[in-house]
Amino acid sequence: MIEIQNVYKSFDGKNVLKNISAIFESGKTNLIIGQSGSGKTVLMKSIIGLHRIDSGKILYDGRNIPDMQFMKIKKLRQEVGMLFQGSALFDSQTVAQNVMFPLEMFSNMTQIDMENRMKFCLGRVNLDESTYNLFPSEISGGMQKRAAIARAIALNPRYLFCDEPNSGLDPLTSLVIDRLIKEITEEYDITTIVNTHDMNSVMEIGENIIFIKSGEKAWEGNRHQIFDSNNDSLNDFVFASDLYKKVKATNNIQESKQ
Amino acid sequence: MITLSILKHIGSYTSLMLRVFTKPDRWRMFFRQLPKEMEKLGLDSLGIVIIISTFIGAIMTIQTKLNTSDPLLPKYSTGLVTRDTLLLEFSSTIMCLILAGKVGSNVASEIGSMRISEQIDALEVMGINSANYLILPKIIAFVLMIPCLVIISMAVGLFGGYLVGVFSDIVSQNDYLFGIQYMFQPFYIFYSIVKSLVFAFIIASVASYYGFYSYGGALDVGKASTNAVVNSSILILLSNIVITNFMLN
Ligand SMILES: Nc1ncnc2c1ncn2[C@@H]1O[C@H](COP(=O)(O)OP(=O)(O)OP(=O)(O)O)[C@@H](O)[C@H]1O
Ligand SMILES: [Mg+2]
């Protein structure tokens, strides 16, 4: 479980995060949603400690990151996996080497164990052997995302962060990746936080959602509650596409029939 | 205003170097990176070093001869002047200025593109000291390789001068060969190598610095690598004066 309390973050006097508090439980996919530029990535990087926050607490099962010394944070990082907005695979290494990298850096496994673990992780994200020796530039965006997930889960993380896991992907691939994240989360009881501005993901995996508007938490709930909110800014976000207006209308009809 | 920004750069450069010169997270990974970097920064520069040194050695011999037509000067003077220029300045300072362009831009753009594509963040999230993992092997590799490049440049440069004697009658081969051996001072080679070690450190570390702190997009990586080349060249010239004062006075 990760809990954040009254987090503030500014860059050169510009406030990007304002007084954000939230609880992210383990075994659930926790979503951070909001428009482009609302501060999702900054919030995620602050939680991981890539950005130093101005004030507030970030508790990883009780361990407060801003209080921790560098060496302790380094240790904690080994329990963290992250999927970056642009995959961030090492482009001088093949897919297989990318997944092996955290193992070689931190585990004491034998070469064979590491290779088995690599094959397991890549298999888990449905990448087959033909991709092992390709470089990131030689595979498609969706495959890069999947390889990046495999790298993120290589060390059995307790905390998984995904920054826009399906930006730039077609709806079908997005769905595959969303489901994959949800399955892994439940299977290993990971605390997962996903940034997204994609309503399809929200409907697919949104068990606990916080909505960020210009750096402030404007709403909190789950995917079933999201249609019934009377928060104007949330409604502007959710019903930006006509599709979800229709979804809501159908929902209302069904409810009135019952 | 300018002083303030220079101080700021010195501050963040120093703190980056403090992060670079720590114990690697895994020595095994360090020793895997090191030979790769030695190949990329050192071996791959061999071609340009050989080509440029040969031609400059030849041109220097021709120019020296043509511009010192005084019959009172001994015949061996052409070889001697060529040799001392190569040993004292060309093969260390000028060669390193050229390598600042090649190696500096290579290092800065590689690290810079890792920065903007979040690969450095990815290393940090894994709990790796990214500065140490990426930069230390580059600095060590280039500092290890530069003496070889300098010695090769000297040898090839002298050979270039000799070729002038072979293919033309501007200087005679015998005068040239006598000249390049006359009053030879081994200390000059030592002096050149010491200088080049400092220059190699400057090139690799300054380029890494600009790459590591680049942000934005591909355009900014280009700017970072330009800054790396310009500023490491200036630092090479400045430190050249300091070292020369120190060692030759
Ligand atoms: N390193 C930085 N320095 C200064 N300002 C920054 C920095 N990183 C982000 N910002 C600012 O913080 C704000 C929020 O950016 P952020 O990247 O968190 O948006 P986002 O919600 O992730 O958007 P998107 O959905 O487009 O990824 C933006 O206005 C951005 O300009
Ligand atoms: Mg973002």
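Refer to the structure above for everything that follows.
Everything numeric in this text was worked out from a predicted model, so none of it was measured.

Draft legend 1. Fine view of the overall build of chain A. Helix and strand content of chain A: nine helices and 10 strands. Seen through its C-alpha atoms, chain A measures out along the principal axes to roughly 60 × 40 × 35 Å. Expressed as a percentage of contacts within chain A between residues at least 6 apart in sequence, the contacts between residues at least 24 apart total 65%. Here chain A displays about 11,800 Å² of accessible surface, and carbon together with sulfur accounts for 48% of that area.

Draft legend 2. Inspection of the pattern of salt bridges at higher detail. Summed over the entire model, instances satisfying the criterion amount to 22 salt bridges over all chains. Between Glu186(A) and Lys182(A) there is a salt bridge, with the nearest N and O atoms lying 3.5 Å from each other. Of this pair, Glu186(A) and Lys182(A) both sit in helix α6 (residues 171-188), separated by four residues, roughly a single helical turn. For the salt bridge of Glu37(B) with Lys138(B), the shortest nitrogen-to-oxygen distance reads 3.1 Å. Here Glu37(B), found in helix α2 (residues 27-42), pairs with Lys138(B), found in helix α6 (residues 130-167); they are 101 residues apart in sequence, far enough to count as distant. Residues Glu37(B) and Lys138(B) agree in their burial class; the two are buried.

Draft legend 3. Fine view of the site of ligand 1. All names here are of chain A. Near ligand 1 there are 14 residues, and of these Ser36, Gly37, Lys40, Thr41 and Val42 occur at the shortest range. Within the side chain of Lys14, an N or O atom sits 3.1 Å from an oxygen atom of ligand 1. At a separation of 3.0 Å, an oxygen atom of ligand 1 approaches a polar backbone atom of Val42. In isolation ligand 1 offers 630 Å² of accessible surface; the protein chains occlude 64% of this area. When residues of the shell around ligand 1 are traced back to their parent elements, those giving at least two are β2 (14-24) and α1 (40-48). Top contributing element to the shell around ligand 1 by residue count: α1, with three residues.

Draft legend 4. Region of interest: the side chain of Ser10(A). Residues and elements named next belong to chain A. Turning to its location among the elements, Ser10 is positioned in strand β1 (residues 2-11). Within the structure, Ser10 has its side chain in polar contact with the side chain of Asp54 (distance 2.7 Å). Not counting chain neighbours up to four residues away, the residues in contact with Ser10 comprise Asn15, Val16 and Asp54.

Draft legend 5. Looking closely at the packing of helix α4 (residues 111-124) of chain A against helix α5 (residues 141-153) of chain A. Residue and element names in this part refer to chain A. Here α4 crosses α5 at 135°, and the two axes come no closer than 8 Å. Classified by the interaxial angle, the pair formed by α4 and α5 is oblique. As for the relative orientation of α4 and α5, their crossing is right-handed in sense. Of the residues in α5, those touching α4 at Arg117, Cys121, Leu122 and Arg124 are Ala147, Ala150 and Ile153. Here the residues of the contact of α4 with α5 are counted per class, giving five nonpolar, no polar and two charged.

Draft legend 6. A look at unusual backbone geometry. Residues and elements named next belong to chain A. At Asn19, a residue that is not glycine, the phi angle is positive and equals roughly 50°. The topology assignment puts Asn19 in strand β2. Phi is positive for Ser214, close to 40°, though the residue is something other than glycine. Checked against the element boundaries, Ser214 lands in the loop between β9 (208-213) and β10 (216-221). For Ser214, a relative accessible area of 44% puts it in the partly exposed group.

Draft legend 7. Quick look at the interface of chain A and chain B. The interface is formed by 24 residues belonging to chain A together with 19 residues belonging to chain B. Contact between chain A and chain B buries roughly 2,000 Å² in total, counting both sides, with carbon and sulfur atoms accounting for 58%. Looking only at chain A, the three residues that lose the most surface to chain B are Phe90(A), Glu104(A) and Met105(A), adding up to 29% of its buried area. Scanning the region where chain A abuts chain B turns up four salt bridges.

Draft legend 8. The arrangement of the coordination of the magnesium ion (ligand 2) in detail. All names here are of chain A. Here the magnesium ion (ligand 2) is held by Thr41 (OG1) and Gln85 (OE1), and the distances to it run 1.9 to 2.6 Å. Highlighted residues: Thr41 in helix α1 and Gln85 in the loop between β6 (80-83) and α3 (95-106), separated in sequence by 44 residues. Taking the relative accessible area as the measure of exposure, Thr41 reaches 22% and is therefore partly exposed.

Draft legend 9. Inspection of the sheet that holds strand β8 (residues 191-196) of chain A at higher detail. Residue and element names in this part refer to chain A. One open sheet accounts for six strands, arranged β6-β7-β8-β3-β9-β10; its pairing is mixed. Of all the strands in the sheet, just β6 and β10 have a single pairing partner and so form its edges. Pairwise comparison of adjacent strand axes, ignoring direction, gives a mean angle of 15° for this sheet. Relative to β8, strand β3 (residues 29-33) is paired through five bridges, and the arrangement is parallel. In the strand pairing of β8, Ile33 is matched with Thr196. Most of the contacts of α1 go to β8, to which it runs at about 155°, and overall it touches β3, β6, β7 (159-163), β8 and β9. Running at roughly 175° to β6, α5 makes contact with β6 and β7 of the sheet.

What counts, and at which threshold
Residues numbered from 1 in each chain as written. Chains lettered and ligands numbered in written order. Predicted model: local features only at pLDDT ≥ 70, side-chain atom pairs only at ≥ 80, totals over all residues. Heavy atoms only, no water. Helix = DSSP H or I, 4+ residues; strand = E, 2+ residues; numbered from the N terminus. Contact = heavy atoms within 4.5 Å. Areas by Shrake-Rupley, 256 points an atom, 1.4 Å probe, with all protein chains shown as cover. Salt bridge = Lys/Arg side-chain N within 4 Å of Asp/Glu carboxyl O. Buried < 20%, exposed > 50% of the residue type's maximum accessible area, 1.4 Å probe, protein only. Near = heavy atom within 4 Å. Polar contact = N/O pair within 3.5 Å; in protein donor to acceptor, adjacent residues only side chain to side chain. Axes fitted to C-alpha atoms, helices over the stretch in contact; angles between N-to-C directions. Parallel < 35°, antiparallel > 145°, perpendicular 65-115°, else oblique. Left-handed = near helix turned anticlockwise from the far one by under 90°. Nonpolar A, V, L, I, M, F, W, Y, C, P; charged D, E, K, R; others polar. Buried area = accessible area lost by both parts, 1.4 Å probe. Donors = N, O, S within 2.8 Å, 3.2 Å for Na, K, Ca; no water. Pairing = 2+ DSSP bridges.

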